[in-house]
Amino acid sequence: MEQAVHRPELLLNVPAGALIKTTLVDFPGRVASTFFLKGCNLRCPYCYNTGLVLGGKAAEGDELSTIEELFAHLELRKNMLTGLVVSGGEPLVNPLTPYIIERAKKLGYRIKLDTNGTLPGELEKLLKNKSTKPDFIAMDIKTNPARYAREICMHGSVAAKEDIPSLLARSAELVASYPADSREWRTVLVPPLVTKADIAAMAVLLPKDASWQFAQFRNENCLDPSYNNIPPYVDAELKELVDYARTFIPGAALR
């Protein structure tokens, strides 16, 4: 793998990620493709991309695509598509991410990067190089940063020994350096992990003009099977939490 970091061409024909050929929702304002790269440094108990996170597999019935297959698609559809979302997993743990961004930019694509915010050093490397700098960044915030060690960095997470609150704060600063219409933060409303107290703690990381997008929890195929038995918040509870988030960040919304 170390050799592949410096020679990404060695990995171009190896199954690398799940390709969504067309999406109208993943990249605000653009018709895009999304590439979910395998590999992640967290083990969120509610994650439903378990195959990509743990074993490098697509969802049941799907096949992983290679980088060459991704770019064959992007070449074919470049007159219709204008964006590429690089997601995961966690794309900043994957040595192919800079290569994908640079090559897609050369084709004229705008790039959106999805990240969990725990790798600010890798994010900063991308931002310092014009050829790999994403045009839009979406950063996940899972819960109160103080809860990551015991709730998110579980089950073999390589981030378990890191100072997660400091890493998240640094990543949030980097994302906040973007124009307001080129960044967002995202939180899944998982009942055990996101309460009003957690929202207040997360809001501290965000600039006041942030777009904070909340999503409903899906209790299916969770990495921690016990989360499959947790009922999602009902509509009234969702509204109450998002309204509360809006008292800190006016741009909070339920997506």
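Residues numbered from 1 in each chain as written. Predicted model: local features only at pLDDT ≥ 70, side-chain atom pairs only at ≥ 80, totals over all residues. Heavy atoms only, no water.

(A) Examining the overall build of the chain more closely. Counting its regular elements, the chain contains nine helices and eight strands. Along the first, second and third principal axes, the C-alpha atoms of the chain reach 45 × 35 × 35 Å. Relative to its full complement of 255 residues, the chain shows a buried share of 49%. Here the chain displays about 12000 Å² of accessible surface, and carbon together with sulfur accounts for 53% of that area. (Helix = DSSP H or I, 4+ residues; strand = E, 2+ residues; numbered from the N terminus. Buried < 20%, exposed > 50% of the residue type's maximum accessible area, 1.4 Å probe, protein only. Areas by Shrake-Rupley, 256 points an atom, 1.4 Å probe, with all protein chains shown as cover.)

(B) A look at the nonpolar core. Ile-100, Trp-185 and Trp-212 are the most contacted members of the largest nonpolar core, which has 68 residues in total. It is helix H7 (residues 164–176) that contributes the most residues to this core, six residues altogether. Those residues in contact with Trp-212, other than ones at most four positions away along the chain, are Trp-185, Arg-186, Thr-187, Ile-199, Met-202, Ala-203, Leu-206, Ala-245, Ile-249, Gly-251, Ala-252 and Ala-253. (Core = buried A, V, L, I, M, F, W, Y, C linked by side-chain atoms within 4.5 Å. Contact = heavy atoms within 4.5 Å.)

(C) Spotlight on the pattern of salt bridges. Counted under the stated rule, the structure contains 20 salt bridges. For the salt bridge of Lys-125 with Glu-122, the shortest nitrogen-to-oxygen distance reads 3.3 Å. Of this pair, Lys-125 and Glu-122 both sit in helix H5 (residues 120–128), three residues apart, which is roughly one turn of that helix. We classify Lys-125 as exposed; its relative accessible area is 54%. (Salt bridge = Lys/Arg side-chain N within 4 Å of Asp/Glu carboxyl O.)

(D) Region of the structure containing unusual backbone geometry. The omega torsion of the bond from Gly-88 to Gly-89 falls at 15 degrees, within 30 degrees of zero and hence cis. Secondary-structure assignment places Gly-89 in the loop between strand E3 (83–87) and helix H4 (97–106). Of note in this structure, Asn-221 is not a glycine but carries a positive phi near 55 degrees. Mapped onto the elements of the fold, Asn-221 is located in the loop between strand E7 (212–216) and helix H9 (235–248).

(E) Expanded view of H4. Considered for burial, the residues of H4 that qualify are Thr-97, Ile-100, Ile-101 and Ala-104. Relative to the axis of H4, the buried residues are bounded by an arc of 95 degrees and lie together on one face. Looking at the buried positions of H4, the neighbouring elements they touch are strand E2 (32–37), helix H3 (67–76), E3, strand E4 (110–115) and H5. Count one or two residues on from H4 and you reach Gly-108, which has phi positive near 95 degrees. (Arc of directions from axis to C-beta.)

(F) Fine view of the packing of helix H8 (residues 196–203) against H9. Between H8 and H9, the shortest axis-to-axis distance is 10 Å and the interhelical angle comes to 30 degrees. When the axis of H8 is compared with that of H9, the two are roughly parallel. As H8 packs across H9, the resulting crossing turns out to be right-handed. Only Glu-240, Leu-241, Tyr-244, Ala-245 and Phe-248 of H9 make contact with H8, whose side of the interface consists of Lys-196, Ile-199, Ala-200 and Ala-203. (Axes fitted to C-alpha atoms, helices over the stretch in contact; angles between N-to-C directions. Parallel < 35°, antiparallel > 145°, perpendicular 65-115°, else oblique. Left-handed = near helix turned anticlockwise from the far one by under 90°.)

(G) Region of the structure containing the sheet that holds E3. Strand order in the open sheet formed by eight strands is E1-E2-E3-E4-E5-E6-E7-E8, and the pairing between neighbours is mixed. Whereas interior strands pair on both sides, the edge strands pair on one side only; in this sheet they are strand E1 (17–23) and strand E8 (252–254). Sheet twist, expressed as the average angle between the axes of neighbouring strands with direction ignored, equals 20 degrees. On top of the sheet, H3 reaches E1, E2 and E3; it is set at about 175 degrees to E2, its chief contact. Taken strand by strand, H4 contacts E2, E3 and E4, and its axis lies near 180 degrees from that of E3. (Pairing = 2+ DSSP bridges.)

(H) Representation of the environment of Phe-248 in the model. Tracing the chain through its elements places Phe-248 in helix H9. What makes Phe-248 partly exposed here is its relative accessible area of 26%. For the pair formed by Phe-248 and Lys-208, sequence separation is 40 residues and the distance between their alpha carbons is 7.3 Å. Those residues in contact with Phe-248 that sit more than four places away from it in its chain are Ala-200, Ala-203 and Lys-208.

(I) Structural context of the pairing of strand E6 (residues 183–189). Burial within E6 is extensive, with five of its seven residues counted as buried. In this structure, E6 lies alongside E7, joined through five bridges in parallel fashion. Bridge pairing in E7 places Val-188 opposite Ala-215. One crossover worth recording links E6 to the parallel E7 by way of H8, and it is right-handed. (Right-handed = clockwise from strand over helix to strand, strands pointing away.)

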